Every structure is written in structure tokens, then in C-alpha cells.
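# Structure assessment
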Amino acid sequence: MQEGQVFQLEVRPKIPAKLVRLEELAGNLWYSWDRATRTLFARLHPALWNGVGHSPKAMLKRIDEHRLLEAAADPMYLNSLNRVLSAYDIYHQDGPPRGKGAEFKPDDLVAYFCAEFGFHASLPIYSGGLGILAGDHCKAASDARLPFVGIGLLYRQGYFSQVFDQDGNQQADYTDSEFDDLPVSPVLDADGKELQVTVPMQDRDIQAKVWQAKIGHVRLFLLDTDLPANSEHDRDIAHQLYGGDRQTRIEQEMVLGVGGARALAAVGLRPTVWHINEGHAAFLILERIRALVSNGLSFKAALEAVASNTVFTTHTPVPAGHDHFARDMVLQYLSRHAHDMGIDAATLLSLGSVKSMEDFNMTALAVRGSRFQNGVSRIHGDVSAHILREFWPEIPEDENPVTYVTNGVHAPTFLASQWREVFDRYLGFGWSQRVTDAATWERIDAIPDHVFWGVRQDLKAQLMHLVRHRVSVQHHRNHGSASHLDRMLSQTDPTEPRVLTVGFGRRFATYKRATLLFSDLERLHKIVSDPERPVLFLFAGKAHPADKPGQDFIRTIHKISHMPEFLGKVLLVEGYDLRLGRRMVSGVDVWLNNPIYPLEASGTSGMKAGMNGVLNLSVLDGWWGEGFEGDNGWAIRPSPDGTDPERRDAEEAQTLYELLQDQVLPLYYRTNNMGYSPDWISMAKKSIASILPAYNATRMLEQYIGKFYLPASKNGRRFEANDFAAARALADWKGKVCSAWPNVSLRMLNPPDKRLTYGESVHMDLAVRLDGLEPEDVVVELLLTRGLREQIEHHAAHHTLEAAEDIGNGERRYTLELRPEQCGKLDFRVRIYPRHALLSHPLEMGLMKWL
């Protein structure tokens, strides 16, 4: 029998007057960190809430009218709604910026560009850590009432949904989003029409529609190219996050950088600080230069003006990880920009040139077009300074401008709600406004151990419910037997969640070494086979569809989890997403992380775990290199640099086994008559007290404001004043210095005495050839240290030599009366580098010569 064609009809409910503000709540991603708001929607229809992926806006389009009428007539529901609306209105009251943001000028505005943003599953435009971090940055900015906007792309397809087949093969499912279901709305122009901007690309112009999302006080502008005015190819540019080939990638990055800058101009916003979060958005530098050149500025002066208030954050710990494009492709796509900037092809390409490759490098463009650069942890800051050292070729790595701000996570989003009532009771009213105050968290010891343990058990029970559901769905889909499923889930009983549970949840990138635990299966079997000390290892995560080694890791873990000796003791859970991730970081007992050092730029999942009383067991890399204090978790010390990879993995796996056998399991099962380990709880409390105040997004944002945003804003105003007089002057001065520098030299006139008594001084006399530069253009500096020849600049005392008379032959005398404060054998070196009051960093030019 042939069936007829299916036609669709959409019937939307009418929202009762008493519930009309549900639409306002559904349109603001404040709900992503306010559980009470999400609960309001879930109560209307729990099954539908799960069916629409916890999307309030999609739910209000699909819910039956009678359920809304029942809710409108339910006093208890209305009371809950009024409480939520009261909290919502108080939060969204206008007010000045908080914290260091109070130092901003009235017209200051930070524009934060990123290729992905992760707020909540209802806006699937993220893939992993970079997006979640960007989302947390926006949430923290909203909490601080910071003048702040985000700029990204609105993808039809975010990251894929994941399932495993019966052999552990990952299957990726991409689903197109209906924009009408997302918490976004079109931006309208002055005439009430949907706003579009033009992005020049090769020999054509494409149109990008501008949408906006609300994240508390913050607006996020998103660009979409799926418009009838564009060709079929151009409509697909922003279709899939990180999708397509290199051509699609460069087109996405042009829409993000060029289109994003134009979108801000079109809505009448003039940022005073521009933050490029990873290099994908670096083309905004060229767009901003183009706009300034069109108003009469020279290219070099425009570059100085643009760079003066641009912040660049890199998250990539290896050179090969930075985005790059073929030079001929860049010329094809940016030839019109080069023409409008008044530069030739060679100058354009030089902005993205690096010594290690022929391609145009986006990180290089971001570095050259910014004056503030940072990594995302202390270790990663050092790694980034090393990777980027060629941009300051004559400067010691530890003195170049690259610094760091360690990432943080948004505590209201990732701190389990079960802790809130406990913290209210024992930490005092207003603790959530004092999250960065270490003294507040010292009071965590006041929480009775049995109360603390009860919260931890409740969180683990919630995790086990979700794990059992996901594993059951996966098992039945793959036609597994009920008896085998019972064995698989034997240690996931939510009613008795006492089994030590170790979690590993993250991207299955090869450097994260998901399979390190399985290096020695015999030894692992001994660890998991003690009936008096049972342990469950819980794994979840996605591998990029093009990452075959990462998918091999998944298959390996799947295979091991089905071996008789590991059945029920190792579980691999499919469908890793924000919901499962939140449950894992709050519900496991131990959070396992074993990346190859130093490839973990920061990592944030361990922060989320630690603030929920989970103990970290991690390689000392990324944030844990700072966060580990000896009594708040366990550390795997990385093998020395240069160790053979096979030996390195074996050594670090051995450390992992030893920690599990000798410390983790004994501590957890050293229980009292109430069934818990007081020593374990003591360490878990220390985890919260040490991690939550230091590794939250509020602290992170405060550091970005103090180290970058305020100085960048001040810089930008100074360079823009008086028709960009400072930008013009600095560009001219740099040109003069670069011309003279090859001929600048130092020589000692009279060798100083090598021995003196404490309190005496020694006279230093140097001849300096400046080749047309003035004394005020340079610093001649002596560095004095205790004979440590490695990295002496970092530990040295700095003494500036004074310019004296011209001694002929193009040289000038520089002198210093040095009176050392130390005794013993001392080393000194002398150097010269350019100096100007308008430099954002003293060593910004990367020029330095040594005697």
C-alpha cells in the first residue's frame, strides 16, 4: 500500500497572561546557570523537556495549551515563577561594573571574538573546551556587569552527537538546528529590517545576517550566511562548526573577523578593547586597518592604532596546531583588503609569515596585530613564549611580551546545586559574592563530615542514574543481552553509590592519552579485583571524525571494558555532552587527567571537579601545575624533557598505578563506623577550599581586566587622540629605529676592576654607536647576577647606564657607578634596546644587542 505525502502543520500555543514572561526567560541564557529557571520549564512537561534537549524556547513552541493553562492555575507553580522572576529582575538591574571593571570609562566596551561559544545545550555552537571557556568568559562578564559583547558564528550544525556501535566504533550524527528554536533573535536596523553586513571575499561580496543572543547582561552577536542573496556555496559557509575543507575554513574566518567587525559598526558599537580568543578571528585586524586607512591613516600608523588595544589569547601548545592557509589562497581572498590598505602582496603575506612554514599563519597575524598576548596557564605561558619567540627574535624568551592568565570556570554553572544550601548554612550569607575570597572557603571545615559526605553521595547517585540510562540505551540498540547489561552495571547502583569511581571525560585527542591506564592490564586487574576495595573507571568523550587515532582509543577502551576481568569495572559511556560532563565532574570521586606534558594548555574539567569536592589525579600540566598543593589531590610528575615516548608513557603509567594502589584506594576505604573516610573528606574539603576561589571565571576576568583590558583601553584612547597623532609618531619612530638598528653597537672603553670591597663602587664606561638615534631612543642596561648563566635576565638586578658626551666617530659615552648589593662572585652583562614612551611593552620591538 502506497502512503500519501506527509505535510507539516505547526500549531503554537498561546501563552497565558500569567505565564507570558516565560518567553522572556526562554530568550536569555541566564537560564544556563540558573537551575530554578530550568526547573520551571521542566515542570511543565518533563518528557517534552527532555525531548527538546532542554531548550526553553523550543519547548514553548511545542507544549500543549492545556498544560500551560494548568500551570497558570497552579498557585505553587506561579509562586515558583514569581521567585524566579524576582531573582531575574534583581540580577538584570542596571548598575555600574563591579570589581576592577569599575575602573572602566563610561564609553568603554570590550569586544570578544571566538569561533565557538558554549553556554548550554540549547545553543549548540560549540565543540569543546574553547567554546565552554568563551561561554564562561561571557557569563563572568555578565556577573560583573562589564561593558562586553561577544562575536561568533551561528552554525546550522554544531558539534556532532555521538553513539557507539557494538564494536566500539564511534558514529557521528550531525543535526541541523532550526534557528527559530534557538535562544537567538535577528538584529534589526533603524528601519526595522533584519540587519545584514557585506563581507568581501575573492571577487564577490557575500551577505551575512546578524543575530543576537542574550547572556544575562551581555549580548552575543552571531553571523549567518544562509541567505537567499548568497550563492549555494556561500550559504553553506557557516553551516558546520569547523566543517569543510581549507576553503570553507578561511571563508568562515573571514566572516568571523571581517564580518564581525562590520557587524559591530553596523549596530553602532565602537569597542575600545578587541579580544581575539584564539587566532580564528585574526582577520578583524585587517578589517580595522582597512577602515582606518580609508580615513587617511597610513598602513603602518593604522597597524599601530589597531594593535594598541587588541588582546590575543592563544590556547594552542604546539606550533602545528595554529591555523594556517596557503599563501596564494590568502592573496585570492584578501587582495581587495590589500588594495584598500595600500599595501602590496608581499606586505600582506609578511603579516602572517613564520619561519617554520610557507603558509600564512593566523597566530602570526594575531601577534603582529596585537600588543597584549597571553597563554592560559603559567606553564602554557612559558610554552607560548617559546613558540612565539621569533616575533621578538633578539629578546630572551622569559622577557618577551607573552604572559598568561590561567583559565577559570563559571562557578554558578558548574557548582552542583546541592552545595548551595550547604554553603548558605555554613559559609554565611552572600558567599556566592565572595567566591574569590580565600578566607570564605577556610570555613568549609565547619561543614560536618556526614553532611559533606551526604552531598557527595547524592551527586554520585545522580551520575549513576544517568550512566545506567545511557549505557542501557546503547546496549539495547546494539542488541545486547539483559544479563550482560546487569554485569556491566553491577557497580553503578544509585541506591548504594559507595564504590570508588574514577572519571575521565574529555576529547579523545591523542595527547590526552585516554588509554594510559591500560598500559599494563595485569597490574590494572590487580587494582580492580579486590572485593574489599571495588573501583569503577568511567570514560566518556568524543574523537573528531577525522581523528583516527582518537577513535582507536575509543575502540580500545570499549574492547577492554568487555573483557571478563574488567566487565563492570570499566565503563565507556556514549553521547558525551554538557549534561553528562556536568554530572561526571560533580559525581565521580576522582578526576583522572594524564596528558603528555606540556601539551595541556590549561584544562578546565579538573577545576569543575575540584570545586565539587572531587579529587584530581593528574599530570602536573596546565592549570594543575599551579593548583596542586600536595594535600588537595595527587600529581603525576612528568618525565624529563627528551625522554623516549614509550619510556615516558611507561614511567607515568607506573606512577598512576602506584598512586591508585598506595594512596587513592587506601584513603577512600579507610572508613569509620558511619561508612565514610574522614581523611578522604578532609582532602575533598581542601580541594574545594583551594580550587574554587582560585580557579573560577570571576578571578580570571578580573585578571584580564587588570592585565589587558584597562591598559588596552588606555592605549587605544592615547593612540586615537588628536587624529591618531601617537599612532603616526610611533610608526615613524619604529621606522627610524629599524633603519638604524643594524649599525648600533656597544664596546667597553675601560675594563672595570674585577675586585672590590662591599660598599665600594666600580665605574663602567662604554662607547655606544647609535647611528643617528638619540640617547632617549634607547636603554643601555647592565644586568648583574650571582653567576647563574642560564636565564640570568630573569633573576638579575637591572642598572641603567647614563648617556654622557659624544666621543667622536659616531659614538657616545655611557657610564654607570655600580655599587653591588651582593657579595661573592658576580656576573654582569650589558645590553641595549629601543625605548619609547608609547611602547605597550618595553621590549615590544624585539630588538636587543649585547656587549
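Coordinates for the structure precede this section.
A brief report on the enclosed structure follows. (Residues numbered from 1 in each chain as written. Predicted model: local features only at pLDDT ≥ 70, side-chain atom pairs only at ≥ 80, totals over all residues. Heavy atoms only, no water.)

## Here we look at helix α6 (residues 75-91)
So the rule is basically this: Segments assigned H or I by DSSP are reported as helices when at least four residues long, segments assigned E as strands when at least two residues long, and all are numbered from the N terminus. A helix's residues, less one, multiplied by 1.5 Å, set its expected span. Only protein chains enter the accessibility calculation, which uses a 1.4 Å probe; a residue whose area is less than 20% of its type maximum is buried, one above 50% is exposed, and one in between is partly exposed. As used here, the arc is the angular range of directions from the helix axis to the C-beta atoms. Residue contacts are counted whenever heavy atoms from the two residues lie within 4.5 Å of one another. N or O atoms within 3.5 Å of each other form a polar contact, as long as, within protein, one can give a hydrogen and the other can take it, and as long as residues adjacent in sequence are counted only when both atoms are side-chain atoms.
The terminal C-alpha atoms of α6, which comprises 17 residues, lie 24 Å apart, in line with the 24 Å expected from a rise of 1.5 Å per residue. The complete set of buried residues in α6 reads Y77, L78, S80, L81, V84, L85, Y88 and Y91. Down the axis of α6, the buried side of the element spans an arc of 155°, and every buried residue falls inside it. The exposed residues of α6 that point more than 90 degrees off its buried face are P75, M76 and R83. In this structure, the buried side of α6 is in contact with α1 (22-26), α2 (35-44), α5 (65-72) and α7 (129-143). The N-terminus of α6 is capped by D74, whose side-chain oxygen sits 3.0 Å from the backbone nitrogen of M76.

## Some details on the packing of helix α9 (residues 246-266) against helix α10 (residues 283-294)
Rules: A fitted line through C-alpha atoms serves as each axis, taken over the contacting stretch for helices, and the angle formed by two N-to-C directions is quoted from 0 to 180°. Each angle gets one of four labels, with under 35 degrees taken as roughly parallel, over 145 as roughly antiparallel, 65 to 115 as roughly perpendicular, and the rest as oblique. Should the near helix be turned anticlockwise from the far one by less than a right angle, the crossing is termed left-handed; should it be turned clockwise, right-handed. Polar here means any residue other than Ala, Val, Leu, Ile, Met, Phe, Trp, Tyr, Cys and Pro, which are nonpolar, and Asp, Glu, Lys and Arg, which are charged; Gly is therefore polar.
Between α9 and α10, the least distance of the axes is 8 Å, while the angle of their chain directions is 40°. Relative to α10, α9 is oriented oblique. For the crossing formed where α9 meets α10, the hand is right-handed. Judged by residue contacts, I250, E253, M254, G257, V258, A261 and R262 of α9 engage F283, L284, E287 and R290 from α10. A per-class count over the contact of α9 with α10 returns six nonpolar, one polar and four charged.

## Comments concerning the sheet that holds strand β27 (residues 827-834)
Note the threshold: A pair of strands is labelled paired if DSSP reports no fewer than 2 bridges between them.
The antiparallel open sheet is built from four strands, whose spatial order is β24-β23-β27-β28. Every other strand in the sheet has two partners, leaving β24 (797-800) and β28 (849-850) as the edge strands with one partner each.

## Observations concerning the pattern of salt bridges
Cut-off, in case you're wondering: Any Lys or Arg side-chain nitrogen located within 4 Å of an Asp or Glu carboxyl oxygen qualifies as a salt bridge.
On inspection of all chains with the given rule, the structure shows 50 salt bridges. Its salt-bridge partner being R470, residue D577 comes within 3.2 Å of it at the nearest N-O pair. Highlighted residues: D577 in the loop between β17 (570-573) and α23 (578-587) and R470 in helix α19 (residues 449-477), separated in sequence by 107 residues. Note on R470: relative accessible area 13%, which makes it buried. Ionic contacts of the salt-bridge type, sharing partners, join the residues E10, R12, K61, R62, D180 and D181 into one network.

## A word on the pairing of strand β1 (residues 110-113)
Convention followed: Seen with the strands pointing away from the viewer, any crossover whose path from the first strand over the helix to the second strand runs clockwise is right-handed.
Of the two faces of β1, both are covered, the one formed by V110 and Y112 as well as the one formed by A111 and F113. Note: β1 against strand β2 (residues 148-153), four bridges, orientation parallel. Bridge pairing in β2 places V110 opposite F148. The parallel pair β1 and β2, bridged by α7, forms a crossover whose chirality is right-handed. Here β1 runs beside strand β9 (residues 273-277); their pairing, made up of four bridges, is parallel. When the bridges of β9 are listed, V110 appears paired with V273.

## Observations regarding the sheet that holds strand β26 (residues 811-818)
Here four strands make up an open sheet; going across it, the order is β21-β22-β26-β25 and the pairing antiparallel. Lying at the two open borders of the sheet, with one neighbouring strand each, are β21 (745-748) and β25 (802-808). The sheet shows a mean angle of 30° between the axes of neighbouring strands, taken without regard to direction. When β25 meets β26, the two strands line up antiparallel, connected through four bridges. The residue of β26 that forms the bridge with E802 is T815.

## Describing empty space enclosed by the protein
Convention followed: Cavities and pockets were defined on a 1 Å grid built from protein atoms only: a cavity is a group of points that admits a 1.4 Å probe but offers it no way out, a pocket is an open group of points flanked by protein on both sides within 12 Å along at least five of seven lines, and a lining residue is one with an atom within 4 Å of any such point. Grid points are joined across faces, edges and corners, and a volume is the space filled by probe spheres set on the points.
For the structure shown, the criterion picks out two cavities of 30 Å³ or more. Space inside the largest cavity adds up to approximately 50 Å³. Forming the walls of the largest cavity are A115, L153, Y155, Y242, R249, Q252, E253, L256 and H280. Considering only residue class, the lining of the largest cavity consists of five nonpolar, two polar and two charged. Counted as a void, the second largest cavity has a volume near 30 Å³. What lines the second largest cavity is simply Y833, P834, L839, P842, L843, E844, M845, G846 and L847. Residue classes in the lining of the second largest cavity are distributed as seven nonpolar, one polar and one charged.

## Some words on the side chain of Q491
Structurally, Q491 can be placed in the loop between α20 (482-488) and β15 (500-505). Judged by its relative accessible area of 15%, Q491 falls in the buried class. At 3.3 Å, the side chain of Q491 and the backbone oxygen of G568 are in polar contact. Excluding its chain neighbours within four sequence positions, the residues that come into contact with Q491 are V499, P534, V535, L536, G568 and K569.

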